[in-house]
Amino acid sequence: MRIAVLNGPNLNLLGTREPAIYGRATLAEVERAARERADALGVELAWQQTNDEGRFVELVQGLAGHADGALVNAAAFTHTSMAIRDAWLAVRVPFVEVHLSNIFAREPERRRSLLADLAVGLVAGFGALGYQLGLEALIEHLRTHAA
């Protein structure tokens with residue numbers, strides 16, 4: 001099983017960017033922990049991060065036929081990007097939306113996700129652990145809903 005992990009803007013700054021909100025783990029540390037969990041579950045991960053909305057759209061479009069599912073932390077694009085939403089509608093790859101912070105306990109503009117209704121599920125507020133939780137849930141979903 002092949003799972004893509006797509007990370008949006010400013011996640012490359014994890015560890016130093018607002019650690020009280022996002023934690024002290026770097027994106028490389030989050031990736032390492034997710035890969036260790038994926039290996040234990042017998043799953044291959046493809047990991048990407050971009051600060052560019054157009055590139056994020058291209059990453060989503062590229063999933064069709066190449067990934068069984070995805071973990072997605074679209075970061076600020078979650079709340080703003082109809083283009084990314086439209087890309088998900090086009091590719092129809094199952095995904096779990098992941099957020100390090102609890103977006104529903106933050107500023108009003110962060111409480112709305114343009115992706116949540118398209119997602120298999122959403123994990124928010126558990127910091128870096130959210131990637132592993134989302135991965136496990138996605139794998140279970142894919143295994144139980146296999147065609």
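This one's a predicted model, so the numbers in the text were calculated from it and none came from an experiment. (Residues numbered from 1 in each chain as written. Predicted model: local features only at pLDDT ≥ 70, side-chain atom pairs only at ≥ 80, totals over all residues. Heavy atoms only, no water.)

Caption draft 1: Representation of helix H5 (residues 82-91) in the model. Along H5, the residues that are buried comprise Ile 84, Arg 85, Ala 87, Trp 88 and Val 91. Summarising the axial view, the buried residues of H5 lie within an arc of 160°, below the 170-degree limit, and thus occupy one face. For H5, the elements touching its buried residues are strand S1 (2-7), helix H3 (53-61), strand S3 (69-73), helix H4 (77-80) and strand S4 (95-99). Once H5 finishes, Arg 92 follows within two positions and takes phi at roughly 55°, a positive value. (Buried < 20%, exposed > 50% of the residue type's maximum accessible area, 1.4 Å probe, protein only. Helix = DSSP H or I, 4+ residues; strand = E, 2+ residues; numbered from the N terminus. Arc of directions from axis to C-beta. Contact = heavy atoms within 4.5 Å.)

Caption draft 2: Looking closely at the pairing of S3. Counting buried positions along S3 yields five of five residues, so the element is predominantly enclosed. In S3, alternate side chains face the same way, and those of Gly 69, Leu 71 and Asn 73 on one face and Ala 70 and Val 72 on the other are all buried. Direction of pairing for S1 relative to S3: parallel, over a ladder of five bridges. Counterpart to Ile 3 in the pairing with S3 is Gly 69. Sheet topology places S3 next to S4; three bridges connect them, and they run parallel. Bridge assignment links Val 72 to a residue of S4, and that residue is Glu 97. (Pairing = 2+ DSSP bridges.)

Caption draft 3: Structural context of the side chain of Ser 113. Among the structural elements, Ser 113 can be located in the loop between S4 and strand S5 (121-124). The buried category is assigned to Ser 113, whose relative accessible area is 16%. Of the polar contacts made by the side chain of Ser 113, one reaches the side chain of Glu 97; its length is 2.9 Å. There is a polar contact of 3.0 Å between the side chain of Ser 113 and the backbone nitrogen of Ala 116. (Polar contact = N/O pair within 3.5 Å; in protein donor to acceptor, adjacent residues only side chain to side chain.)

Caption draft 4: Inspection of unusual backbone geometry at higher detail. One non-glycine residue, Asn 10, lies in positive phi territory at about 75°. Of note, Asn 10 is situated in the loop between S1 and helix H1 (19-22). A relative accessible area of 31% places Asn 10 in the partly exposed class. Positive phi outside glycine occurs at Arg 92, with the angle close to 55°. In this structure, Arg 92 sits in the loop between H5 and S4. Exposure remark for Arg 92: the relative accessible area of 64% places this residue in the exposed category.

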